[in-house]
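Residue-level structural notes
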Amino acid sequence: GRRVSTTNRTTSTPSKVDMRAAAARKGARAWLPSREWACKVAKARTGSVPEVEMEEGKRWKANIDYRSIRDNLQRVEENCRKRNSNADPRLVVRLYDEYTTLQQQADAVRSARNENARAMKGKLEEETRKNLIEEGKLLKEKLAKCEEELATVENKLQLEGRRIPNETHPDVPSGGENVSSQVQEVGSKVETDFEIKDHVQIGIGLDIVDFDAGAKVSGNKFYYMKNAGALLELGLVNWAMSKVAAKGYRTYTTPDLVRESVVERCGFQPRGENTQVYSVENSDLCLAGTSEILLGGIHMDEIIPEDKLPIRMAAFSHCFRTEAGAAGAATRGLYRVHQFSKVEMFVISTPEQSEMLHQELIEIEEEMFTELGLHFKILDMASEDLGAPAYRKFDVEAWMPGLQRYGEISSASNCTDYQSRRLNIRYRAQSKQDGKKKPPNLYVHTLNATACAVPRMIVAILENFQQADGSVLIPEPLR
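Okay, so let's go over this structure. (Residues numbered from 1 in each chain as written. Predicted model: local features only at pLDDT ≥ 70, side-chain atom pairs only at ≥ 80, totals over all residues. Heavy atoms only, no water.)

**As for the overall build of the protein**
- When you go through the protein residue by residue, the secondary structure sums to 15 helices and 17 strands.
- Expressed as a percentage of the 479 residues in the protein, the buried residues total 47%.
- A fraction of 73% describes how many contacts in the protein between residues 6 or more apart in sequence connect residues 24 or more apart.
- A total accessible area of about 25,100 Å² is found for the protein, and carbon and sulfur atoms account for 47% of it. (Helix = DSSP H or I, 4+ residues; strand = E, 2+ residues; numbered from the N terminus. Buried < 20%, exposed > 50% of the residue type's maximum accessible area, 1.4 Å probe, protein only. Contact = heavy atoms within 4.5 Å. Areas by Shrake-Rupley, 256 points an atom, 1.4 Å probe, with all protein chains shown as cover.)

**Side note on the layout of surface pockets**
- Of the pockets and cavities examined, the second largest pocket occupies roughly 600 Å³.
- What lines the second largest pocket is a set of 23 residues, among which R75, V76, P165, N166 and E167 lie closest to the centre.
- Breaking the lining of the second largest pocket down by element, the ones donating at least two residues are α4 (66-71), α5 (73-82) and α14 (418-423).
- If one sorts the elements of the lining of the second largest pocket by residue count, α5 sits on top with 5 residues.
- Looking at the lining of the second largest pocket residue by residue, the classes come out as 8 nonpolar, 7 polar and 8 charged. (1 Å grid on protein atoms, 1.4 Å probe; cavity = no way out; pocket = protein on both sides within 12 Å on 5 of 7 lines; lining within 4 Å. Points joined across faces, edges and corners; volume = space filled by probe spheres on them. Nonpolar A, V, L, I, M, F, W, Y, C, P; charged D, E, K, R; others polar.)

**A short note on unusual backbone geometry**
- Of note, the amide linkage connecting L309 to P310 takes the cis form, showing an omega dihedral of 0 degrees.
- The residue P310 is located in the loop between β9 (302-305) and β10 (311-320) in this model.
- The phi dihedral of N84 is positive, around 55 degrees, even though this residue is not glycine.
- Among the secondary structure elements, N84 is positioned in the loop between α5 and α6 (89-119).
- Of note, Q404 is a non-glycine position whose phi angle comes to about 60 degrees, a positive value.
- The residue Q404 is located in the loop between β13 (392-400) and β14 (405-414) in this model.

**Thoughts on the sheet that holds β14**
- Strand order in the open sheet formed by 8 strands is β2-β12-β13-β14-β17-β11-β10-β5, and the pairing between neighbours is mixed. At either margin of the open sheet sits one strand with a lone partner, and together these are β2 (181-186) and β5 (250-253). The average undirected angle you get between the axes of adjacent strands in this sheet is 25 degrees.
- In this sheet, β13 lies alongside strand β12 (residues 376-380) in antiparallel orientation, the contact comprising 5 bridges. The residue of β13 that forms the bridge with F376 is A398. (Pairing = 2+ DSSP bridges. Axes fitted to C-alpha atoms, helices over the stretch in contact; angles between N-to-C directions.)

**Structural notes on the pairing of strand β11 (residues 339-349)**
- In terms of residue burial, β11 counts as a mostly covered element, since 10 of its 11 residues are buried.
- For β10 and β11, the ladder comprises 10 bridges, and the chain directions are antiparallel. By the bridge assignment for β11, S317 is matched with K342.
- Alignment of β11 against strand β17 (residues 445-453), held across 8 bridges, turns out to be antiparallel. For I348, the partnering residue across the bridge sits in β17 and is T446.

**Some details on the packing of aromatic side chains**
- One pass over the structure, following the stated rule, counts 3 aromatic pairs.
- With a centroid separation of 6.0 Å and an interplanar angle of 80 degrees, the aromatic rings of F369 and F376 are classed as edge-to-face. Judged on exposure class, the residue F369 and its partner F376 are both buried.
- The side chain of R405 reaches across the aromatic face of Y335, ending 4.5 Å from its centre.
- Directly above the ring of Y335 sits R456, whose terminal nitrogen or CZ lies 3.7 Å from the centroid. (Phe/Tyr/Trp six-rings, centres within 6.5 Å; stacked < 30°, edge-to-face > 60°. Lys NZ or Arg CZ within 6 Å of the ring centre and 35° of its normal.)

**Quick word on the environment of S242**
- Note on placement: S242 falls in helix α10 (residues 228-246).
- Only 2.8 Å separates the side chain of S242 from the backbone oxygen of N238, close enough to count as a polar contact. (Polar contact = N/O pair within 3.5 Å; in protein donor to acceptor, adjacent residues only side chain to side chain.)

What follows is the structure, encoded as structure tokens:
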């Protein structure tokens, strides 16, 4: 079987003979070295892999509005500073200008080649034909060089352009997580006349969770839900899926594995020192960190009729995260783990619909968590906590008395056209615009929200509804 690893993929360098033989066994006409083979050979010879990132830029193309970045450079730079992004908009503009110049040069050479080809038609003096043939050869070489330079610059432009984060809603607080603003508070903190336990103590005492077995079998931050704990997990999933289905969301179960390129196109980074993504060795697959990626990929490279929007989807899936860099009390027990179950909502809409739908997602979350009797607050998250895709994000934090703090149990993000420009999801407008002969194809907006992140919900339920005798009073909707 394949091994799962978060480190750089390293295997023995295959010989050219082995690769040719493999191609021959598959009936291939000719052997061509793969990107992986070329990189391994380069590394074996030089100790480094030159232009690896360049090659990554060729795998897919984001439809980034470079002209808008150039025309609004100061605003884009300010947005990057506000979001604490390491993107370099000025470099993007320089590369874009270089790209357009090279494109014009290539077009001029193509035009000259076409003119040369036309001149070759009909009767010609031998000397004239000879000169035209020579000129044609030179133009062919010149065009090949131009196209090579153009491809190189385009790949650099793609890589740098993808680093630029989404725009930021004007009402988003500017700064780190600590300046996020509270927009609503529901319920109040639980009061008891007995000593509060945390969910780890409660779970072990009731024999509904086994961290030791999880660590022995799979490693730290893995666990077994058992007995009533296993039924509680299934009950939460069934309750959440039923709730979102009643709201008109198409329900799905999804694969656990997803192509690396789809992860990237949704705005996540599957590689790097602190990646949250598990990659499968010797393949282009990753373990999905959220079904947002898998739901977004369903309509990748599609044009959707406007009257079919919005598309509301919800999925139950397993989520896998490395939690690289996570440490401290926040990682205790079920709060931060490597694998968990989640019900996620995902919406595809027109730009005019997305603000309303963002509010709809927040209202669904509020209704669900209120129904369970939790005390929670809704936060408008600060600019540095948005991540690259989100235009605006609201988090829901529930009171967890055993941990003596609020903990995030859900979030709802409007990603506008950031993901759709990478996933290439467009819609065909019903009406013509600007005197055009036919309606244009425009980029959709995408939104996502957590209906139920199971481990965190279990933490909140166990700690808020614990009884003096060590039992837990399960909320009525889950019984």
